[in-house]
Structures are given as C-alpha cells and as structure tokens.
Amino acid sequence: MAKRTSLHGMWSSRFAFILAVAGSAVGLGNIWKFPYMAGQNGGGAFVLFYLACVVAIGLPIMISEIMIGRRGRRNPIATMRIVGEEEGSRPSWGLVGVMGIFAGFLILSFYSVIAGWALAYFVFSLGGKFNAATPESIGSLFGGLLGNWKAMAVWHTIFMALTIAIVARGVERGLERFVRVAMPGLLLLLIILLVYAIVAADFARGWVFLLQPNFAALTRQAMLEAMGQAFFTLSVGMGAIMAYGAYLPEGTSILRTSIWVVVADTSIALLAGLIIFPIVFANGLDPASGPGLIFETLPLAFGGMPGGTMLAPIFFGLLVFAAWTSAIGLLEPAVAWSVESHGRSRRSAAMVIGLIIWGLGFLTIFSFNLMSDFRFLGGTIFDNIDHLASNVLLPLGGLFITIFAGWVMCKNSSSEELDIGTGPAYGIWRFLARWLAPAAVLVVFLHATGLLDRLGLI
Ligand code: PHE
C-alpha cells in the first residue's frame, strides 16, 4: 500500500514522539484527579481495579490508537473513515472521531479551569502564601479562590490562551521543547515530596489506604470511575493519541513506546497518591474531600518542609507545564480536523475552537460558586461534564477503537503497521484488542447500570 504522509509535519525523532505521548498522558489526571478519585472511592480496591483497567484495557487501546493514527495519517475523523474504507468497512467509523472530538471539548473545558487553579497556586506560592500553613489557612485560601469566579475566569483564560498559542503554531514545533524539561523536573519534585511524606507525615496510614484493598468499598460506581480514570489518565478513547500517531515516522516501535508511556504514567499517579494521603492523615483531613484535595494538602507539605518556599513555585509551575502538554493533546484533534476538512489555517482553527471551549469552561467555573447548589444526577454541572466525558464517552470511544483495531482491520494490516511480526507479543495484543478489552468495557458498563446484579449474574 502506498503510504500517506501527514499534512502537519512529523515528530523529529522516536524520542520526541515518546515525549509527546507521555506529555499528553501525564497531567492533572495523575496528580490532581487520581488522588481525589482514589480518596472518594475508598482507596486500595479502587486503585487495584484501576491498575487492572490500565493493563487490560488502556494499554491495548493505546497501541491500537497509535497504530490506526499512523495508518490513516489524518485527523481522527478522517483517519477512522479512510482506514475503515480501506479495510472494506463503512465510512461511518468516522463518527467515532466525532464523538472523540466532542469528548475532548468537554474535558478541556474543565481541565483548563483546574489548570488555572494550579496557575493561581504558582502565583500564591511566589507570594509566600504557604508559609506557616495550617489546614485552616490553606482551606480558606482555596475556599477564597473557589468563591471568586472572576479570579478563576482570569486564570482559566490565561491557561486557555497558552494552549491555543502552542496548537496554533503546530504541535511538533511547539511541544517538544517543553516536555523535555517539564517531565524530568516534575519527577524530581515528586520524589522530594515523597521523602517529605515518608519522614514528616503519616506514611504508613497513607500507604495502607492507597494500596491495601478493601473490596467492600468497590461499588459499581467506583468500578466505572476506576475504568474512566484509566482512560482519562492515558489520554485514550478520544483520538488524542491517534492524532499524535498520525505524525509518527515509520519504523518507530508502537509497542515499546506504549508500554513505556503506560509505566511512566502509572508510576507518577501512584507517586502522587503516596505523597497526598500521608499528608491527609497526618493533618486530620478528609481523603474523600473531592477535587480540592491536592490544593488543600500539598501547600501544607511545602509550608512545613525546609526549602518549601522555593520548591512550591517550582512544583506548581511544573504542574502547569504538565497540564499544558495534556491540554495541547486535547485540542489537537479538533484543530487538525478543522484544518484538513475546512481548509482553515492552523491559527484561526485553534483560536475559534479554543474560544468555544473557553466559553464552555464557565460552566465549570460556576459549578464551584454561583451555581454550586445547582445539582442534578447527584452532582454539580462540573461533576456531570466530567462523568459524561471520562466515564462514558472515553470508554465508549475506546470500545469502538479496539473493535476497529481488532476486528475491522485485518491481521495483515495490523501486523504490518505494528511491525512486530505475528509472534507472541502480537498475539497478546490481538487477543486483548479483540476480546478482553471490549468485553471488559462492556461488563463494567453493564455492571454500572445494575443490570448484572438484577439478572443475578454476579
Ligand atoms: N491524560 C491527561 C491527564 O492525565 C488528560 C487527557 C485526557 C489528555 C484525554 C488528552 C486526552 O491529565
């Protein structure tokens, strides 16, 4: 088959691609979302189920997404349509890309608001606001931010502008430089924080909470959320990784890249958990307090450790970087689509789409103040946007992607694109993509509706 080339340039090296995918995966999902979700869902059993989803569902889907992306070399909508047709299936596979782009809109709308909190904390820490921190002082600092929607809007606007600026320039040029510094730096700071958690906080209790499974806490809802978190943290299910795969030069090992990224992403999430929970317990805080968890705990660590005044701005700065490289991946599929199918310039596509998402972000901002009492389906507007995108749309998109990779694409195509022959590694991937991953997603979905219990199946 004659190979297509991407219309947006290519990654300069294999390493650049790994950095880009890792940059997309590692972000607020690991450091902000994972700890608070684990806290709300009772810890250990949730974590174990999340890990199982990462390996059995997330990894094969990541491999599938990169593979499909490189084969199609277009935005996710066109890629799914073109590759689908080549494989003798319907063009309507493009709808999976449409759903992914919609999920990306929803996710970026709240992601940017939370990244705005990190930005605010960067500035707070520069102003010495964490010195002599107590749970009360930090609680009121955070409460003050949440209560002030105008301040939140300003931070959200700055973050969205940063994201648009990079996507407007072209991902491969804009991104590489940042990820190269941000990732190792973030890891180093997390290790320093871990040392603090071991020495100065209640590490033993934090460890037990995070890693000792209590299966009674693993409700149907918790299982759905653990699966959603696996998708969210790996950036799979919406075409972000597929869009990056489209810029991947031939001859790069998709399998090795994916394994590497999954290991890095998971380690960083676990590290964040091992830092947060000891601080939570040492200060008598509530592990189930929700989206504010890291913003109410980490300042206590920085306030209490030697050199904390200096480390806090570095940490929150790096967190913003990590969020930035993920946000870019959330915006890229829609922009690539608009450029390719409407002939827009990258700049105007990034601005127009970014502006829509920016507007959507106000629903999240207001969920923490003006409209915090407005609840439906058991949560605020933010809770519902997050739930719909992370726990429904991403797994659904992932389900279609893995069915596409395992069933629609023939053996010849997938083994050619993965370039690992048809040996055991290929066999395992194909088994996971054809059977285990789709079945697991379906079972968790059905289980969440309560259907399996009602039918007496479990
Ligand atoms: N994986 C990112 C994080 O953990 C979020 C993300 C989701 C990015 C989906 C791109 C696509 O922060």
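Calculation rules
- Residues numbered from 1 in each chain as written.
- Predicted model: local features only at pLDDT ≥ 70, side-chain atom pairs only at ≥ 80, totals over all residues.
- Heavy atoms only, no water.
- Helix = DSSP H or I, 4+ residues; strand = E, 2+ residues; numbered from the N terminus.
- Rg over C-alpha atoms; globule rule 2.2 N^0.38 Å.
- Buried < 20%, exposed > 50% of the residue type's maximum accessible area, 1.4 Å probe, protein only.
- Contact = heavy atoms within 4.5 Å.
- Areas by Shrake-Rupley, 256 points an atom, 1.4 Å probe, with all protein chains shown as cover.
- Near = heavy atom within 4 Å.
- Polar contact = N/O pair within 3.5 Å; in protein donor to acceptor, adjacent residues only side chain to side chain.
- 1 Å grid on protein atoms, 1.4 Å probe; cavity = no way out; pocket = protein on both sides within 12 Å on 5 of 7 lines; lining within 4 Å.
- Sits in = over half its atoms within 2 Å of the grid points.
- Nonpolar A, V, L, I, M, F, W, Y, C, P; charged D, E, K, R; others polar.
- Points joined across faces, edges and corners; volume = space filled by probe spheres on them.
- Expected span 1.5 Å × (residues − 1).
- Bend = angle between axes of the 7 residues up to and from the residue.
- Core = buried A, V, L, I, M, F, W, Y, C linked by side-chain atoms within 4.5 Å.
- Phe/Tyr/Trp six-rings, centres within 6.5 Å; stacked < 30°, edge-to-face > 60°.
- Lys NZ or Arg CZ within 6 Å of the ring centre and 35° of its normal.

**Some thoughts on the overall build of the protein**
- Helices and strands together make up the secondary structure of the protein, namely 19 helices and zero strands.
- Compactness check: the protein gives a C-alpha radius of gyration of 21 Å against a globular reference of 23 Å for 458 residues, within 12% of the reference.
- Each principal axis of the C-alpha atoms in the protein carries an extent, and together these give about 65 × 55 × 40 Å.
- Expressed as a percentage of its 458 residues, the buried residues of the protein come to 61%.
- Restricting the contact set of the protein to residue pairs at least 6 apart, pairs at least 24 apart contribute 82%.
- With the model as given, the accessible surface of the protein reaches about 16800 Å², and the carbon-plus-sulfur share is 67%.

**Looking at the site of the ligand**
- Residues in contact with the ligand amount to 14 residues; listed here are only the nearest, Ala 25, Gly 29, Tyr 111, Phe 232 and Ser 235.
- Phe 232 is positioned with one of its backbone polar atoms (N or O) 2.8 Å from a nitrogen atom of the ligand.
- Burial of the ligand by the protein amounts to 100% of the accessible area it has alone, namely 320 Å².
- In a pocket analysis with a 2 Å cut-off to the grid points, the ligand is assigned to the largest cavity.
- Elements with a contribution of two residues or more to the shell around the ligand: helix 1 (14-25), helix 2 (28-40), helix 10 (220-234) and helix 14 (308-342).
- When residues of the shell around the ligand are assigned to their parent elements, the largest contribution, three residues, is made by helix 2.
- For the shell around the ligand, the residue count by class is seven nonpolar, seven polar and no charged.

**Brief notes about empty space enclosed by the protein**
- Across all of its chains, the model carries three cavities of 30 Å³ or more by this definition.
- Taken as a whole, the largest cavity holds about 140 Å³ of empty space.
- Looking at the lining of the largest cavity, the elements that each hand over two or more residues are helix 1, helix 5 (94-126), helix 10 and helix 14.
- Among the elements that line the lining of the largest cavity, the one with the most residues is helix 14, at three residues.
- For the lining of the largest cavity, the residue count by class is eight nonpolar, seven polar and no charged.
- Forming the walls of the second largest cavity are Ser 125, Gly 128, Lys 129, Phe 130, Asn 131, Phe 302, Gly 303, Gly 308, Thr 309 and Ala 312.
- Of all the secondary-structure elements, those providing two or more residues to the lining of the second largest cavity are helix 13 (293-304) and helix 14.
- Looking at the lining of the second largest cavity element by element, the count peaks at three residues for helix 14.
- Here the lining of the second largest cavity is built from residues that sort into three nonpolar, six polar and one charged.

**Considerations on the layout of surface pockets**
- What the largest pocket holds in volume is close to 460 Å³.
- Around the largest pocket, the lining is made up of 23 residues, and of these Gln 40, Gly 378, Gly 379, Thr 380 and Asp 383 lie nearest the centre.
- Looking at the lining of the largest pocket, the elements that each hand over two or more residues are helix 2, helix 10 and helix 16 (381-408).
- Broken down by element, the residue count for the lining of the largest pocket peaks at seven residues, all from helix 16.
- Grouping the amino acids of the lining of the largest pocket by side-chain chemistry returns seven nonpolar, 11 polar and five charged.

**Things to note about the environment of His 8**
- Among the structural elements, His 8 can be located in the segment before helix 1.
- Between the C-alpha atoms of His 8 and Val 339, which are 331 residues apart in sequence, the distance is 9.4 Å.
- A polar side-chain atom of His 8 sits 2.8 Å from a polar atom in the side chain of Glu 340.

**Topic: unusual backbone geometry**
- Backbone geometry places Arg 73, a non-glycine residue, at a positive phi of 55°.
- Residue position: Arg 73 is located in the loop between helix 3 (44-72) and helix 4 (76-86).
- Judged by its relative accessible area of 2%, Arg 73 is buried.
- Backbone geometry at Leu 377 places phi at a positive 50°, although glycine is not the residue there.
- Considering the arrangement of structural elements, one finds Leu 377 in the loop between helix 15 (346-367) and helix 16.

**Some remarks on the side chain of Thr 233**
- Along the chain, the position of Thr 233 falls in helix 10.
- Assessed through its relative accessible area of 0%, Thr 233 is described here as buried.
- If near-sequence neighbours (up to four positions away) are discounted, Thr 233 is found in contact with Ala 25, Gly 29, Asn 30, Tyr 50 and Asp 265.

**Re helix 14**
- The first and last C-alpha atoms of helix 14 sit 50 Å apart over 35 residues, in line with the 51 Å expected at 1.5 Å per residue.
- Residue Glu 332 marks the point of greatest curvature in helix 14, where the axis turns by about 35°; the proline Pro 333 follows within four residues.
- Burial analysis of helix 14 places 27 of its 35 residues in the buried class, the great majority of the element.
- One or two residues past the end of helix 14 sits Gly 343, with phi positive at roughly 60°.

**Quick notes on the nonpolar core**
- Membership of the largest hydrophobic core comes to 174 residues, with the highest contact counts inside it found for Trp 32, Trp 117, Tyr 121, Phe 295, Leu 298, Phe 302 and Phe 315.
- Broken down by element, the residue count for this core peaks at 19 residues, all from helix 5.
- For Phe 315, the residues in contact, after removing those within four places along its chain, are Ile 31, Leu 186, Leu 189, Leu 190, Leu 193, Leu 298 and Phe 302.

**Some points on the packing of aromatic side chains**
- In this structure the tally under the stated criterion is 35 aromatic pairs.
- For the cation-ring pair, Arg 434 lies above Trp 407, with the distance from its terminal atom to the ring centre recorded as 3.8 Å.

Without other data, these values stay purely geometric and don't point to any function.
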